[in-house]
Amino acid sequence: MSHSTQSMNTSGETDPVWVHLMPYSKYPQFPTLNRHVETDICVVGAGIAGISIAYELVDRGKRVTMIEAGNVLSGVTSRTGSHLSNYLEEGYVGIEENSHTWALRRIKEISRSLHIDCEFRMLPGYGISQYSRDDPNHEKEVAGLRKETEMAKTIRVPVSFREGLIIKGWDGSSDQRGGAIFANQATFHPTKKQPNFQCFTQTRMVSAEERVLVQVRTANGYTITAADVVKATCVPQQKLGVFAVMESMRTYCIAIRVRRGSIEDCLICNGAQDYKYVRLTECDEKNDYLVVGGYDHRVGQMNTSGRFEELEAWVRERFTHAGSVDYHWSGQVFGPVDFIGFIGRSQGKTHTYNVTGDGGNGLTHGVLAGCLIADEIQGKINPCASLYNTNRLSSVAKSMPWMWQHDAHVSAHYKRQVQSDMEGIEDVAAGSGEVMKEVPTDPIVVYKDDGGKAHRFSALCPHAKAVLSWNDTKKGWDRPVHDSPARSNLKPMDEYAKGERTQIV
Ligand SMILES: Cc1cc2nc3c(=O)[nH]c(=O)nc-3n(C[C@H](O)[C@H](O)[C@H](O)COP(=O)(O)OP(=O)(O)OC[C@H]3O[C@@H](n4cnc5c(N)ncnc54)[C@H](O)[C@@H]3O)c2cc1C
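Quick look at the structure, then. (Residues numbered from 1 in each chain as written. Predicted model: local features only at pLDDT ≥ 70, side-chain atom pairs only at ≥ 80, totals over all residues. Heavy atoms only, no water.)

1. Comments concerning the side chain of arginine 279
Among the structural elements, arginine 279 can be located in strand 15 (residues 276–282). The charged side chain of arginine 279 is buried without a salt bridge, its nearest counter-charge being aspartate 265 at 8.5 Å. A polar side-chain atom of arginine 279 sits 2.6 Å from the main-chain carbonyl oxygen of glycine 81. (Helix = DSSP H or I, 4+ residues; strand = E, 2+ residues; numbered from the N terminus. Buried < 20%, exposed > 50% of the residue type's maximum accessible area, 1.4 Å probe, protein only. Lys, Arg positive; Asp, Glu negative; His and termini not counted. Salt bridge = Lys/Arg side-chain N within 4 Å of Asp/Glu carboxyl O. Polar contact = N/O pair within 3.5 Å; in protein donor to acceptor, adjacent residues only side chain to side chain.)

Written out as structure tokens, the structure reads:
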């Protein structure tokens, strides 16, 4: 498949496991916009958030037009790990947990009522220690899990701690018994849920202006006139201020074959710094895939190579009968410093709405956005709305220690404007890239193609003016301050061809 076809189907170099039973050829096809359109609401982005928002609005009798820069579900949703959890990464915040529980149930409800065969099932989620019982840190971490369990119970989360918990199929030498059991978690196949309303693909929004009505302009020169626009683009399309309170993390997944029934159907998660999570999805009549993900790092920081190998080694140490690794993929998630996503009316706007900052719980966050945005457009008060308000300051302010760390990270990328990764072009290996600073010009990136020919581009991303970083896993550039998943898989030369980079020579 050519790079540009691949980039229309998924925002990454490699295919995720979800194509195994749902190849791109089975996705419904939608036309590219070729006329001006009038509608009630224009939804930009056909990921889980955009589709959920459009679904809820159509369900409430609104005319919806959706536009998508690639093909449907080609963004981060195509590359998810697919746990559906109300167990939030930084622990529970009562009302927040309730809202994700609502979203989880909504997925169940919609898949049942529309008869979508998407492998949806409720499962227990196991929170375990990262250490073996013979490691002195094991007891300390298990004590933390016990404490977390007690705290979650106080806000009536159905959770218990089981001493000596053993997960069926875990037969490796790493003995990690004991864990928190969260009831009513779930999983599903993320790309079997497809849009069923007016949709135009390969249609990129370039601007949205509020006049009497909202005018959404597309890259191919057409205008969608609507009462409201919802930007469900994952990457914020608005003020730089939103980037300032968001972290961009790259996360990795593999799918490894296991005999059906040999491993308990459950969600597993450990709380390590480079944490791991596990779930199953169908492979064929005899086998399932164990989807193992994690090993996140801030974009543009840390070595990106060896991450898939590390995930594989982790599985094999615990599930010794695991077979071949058939898929490996990675993607980017965005998390605000207060760990709560942004859903709602955009700062300073009246008819423009935004969904972003969903972190590692982006699937339930996207489904939740469907309800919150539909309510806000209809003028209904939703008790969760203020928690996700895009203008909130109080919880962001409470996260000051994180904020400082985050600012230091962002500043580091601006500091790179005066630093070189290499001494000279001869240092760049074929098939990779590096940043070079040649005083007095702005930094440039040098990409050497497989034939060894060097190509020089501007190193500054056009939006945030931060310096790009080479990612050896995806063989392309990361935009560390705000990555654009929709474009992040463009090969260095495709970027040039699409006008995304300025070629220097
Ligand atoms: C490896 C990995 C594992 C993950 N695991 C989990 C998990 O287990 N559970 C969980 O809940 N979450 C998980 N997440 C996060 C979750 O998948 C995402 O947060 C979620 O899918 C984001 O959905 P979205 O609809 O907001 O964004 P997307 O799916 O990215 O959709 C946004 C769409 O907008 C389009 N777009 C962007 N700009 C424009 C424009 N200008 N014009 C038109 N269209 C545009 C893009 O092409 C894209 O298709 C994971 C993420 C990754 C990368």
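So, next bit.
2. Examining the site of the ligand
Close contacts around the ligand come from 38 residues, with Glu68, Val76, Thr77, Gly81 and His83 the closest. Residue valine 76 places a main-chain N or O atom 2.8 Å away from an oxygen atom belonging to the ligand. Contact between the ligand and methionine 205: a nitrogen atom at 2.9 Å from a main-chain N or O atom of the residue. For the ligand, whose unbound accessible area comes to 1,000 Å², protein coverage reaches 97%. Of all the secondary structure elements, the ones that give two or more residues to the shell around the ligand are helix 2 (48–59), strand 12 (228–234), strand 13 (246–259), strand 15, strand 17 (325–336) and helix 7 (362–377). Residue classes in the shell around the ligand are distributed as 14 nonpolar, 19 polar and five charged. (Near = heavy atom within 4 Å. Areas by Shrake-Rupley, 256 points an atom, 1.4 Å probe, with all protein chains shown as cover. Nonpolar A, V, L, I, M, F, W, Y, C, P; charged D, E, K, R; others polar.)

3. Let's talk about the sheet that holds strand 20 (residues 432–436)
What the three strands build is an open sheet, ordered 20-21-22; its pairing is antiparallel. Here the strands that pair on one side only, and so sit at the sheet edges, are strand 20 and strand 22 (454–458). In this sheet, neighbouring strand axes are inclined to one another by 25° on average, regardless of whether the strands run parallel or antiparallel. In terms of strand pairing, strand 21 (residues 444–448) meets strand 22 through five bridges, oriented antiparallel. Of the residues in strand 22, the one forming a bridge with tyrosine 447 is histidine 455. (Pairing = 2+ DSSP bridges. Axes fitted to C-alpha atoms, helices over the stretch in contact; angles between N-to-C directions.)

4. Some words on the pairing of strand 11 (residues 223–226)
Both faces of strand 11 are covered, namely the face carrying Thr223 and Thr225 and the face carrying Ile224 and Ala226. As paired strands, strand 1 (residues 37–38) and strand 11 are joined by two bridges and run parallel to one another. Of the residues in strand 11, the one forming a bridge with glutamate 38 is threonine 225. The sheet contact formed by strand 10 (residues 214–218) and strand 11 spans four bridges and is antiparallel. Across the sheet, the residue bridging to valine 214 is alanine 226, located in strand 11. Taking the residues between adjacent antiparallel strands as the criterion, strand 10 and strand 11 are bridged by four residues, where glycine 221 takes a positive phi near 90°.

5. Regarding the pairing of strand 7 (residues 179–187)
By the criterion of burial, strand 7 is predominantly enclosed, with seven of the nine residues buried. Bridge count between strand 4 (residues 83–84) and strand 7: two bridges; the pairing is antiparallel. Note that in strand 7 the partner of leucine 84 across the bridge is alanine 186. In the sheet, strand 5 (residues 121–128) pairs with strand 7 via seven bridges, with the strands oriented antiparallel. Following the sheet pairing, isoleucine 128 is matched in strand 7 by glycine 179. Pairing of strand 6 (residues 159–162) with strand 7, which is carried by four bridges, proceeds in the antiparallel orientation. What sits directly across from serine 160, in strand 7, is isoleucine 181.

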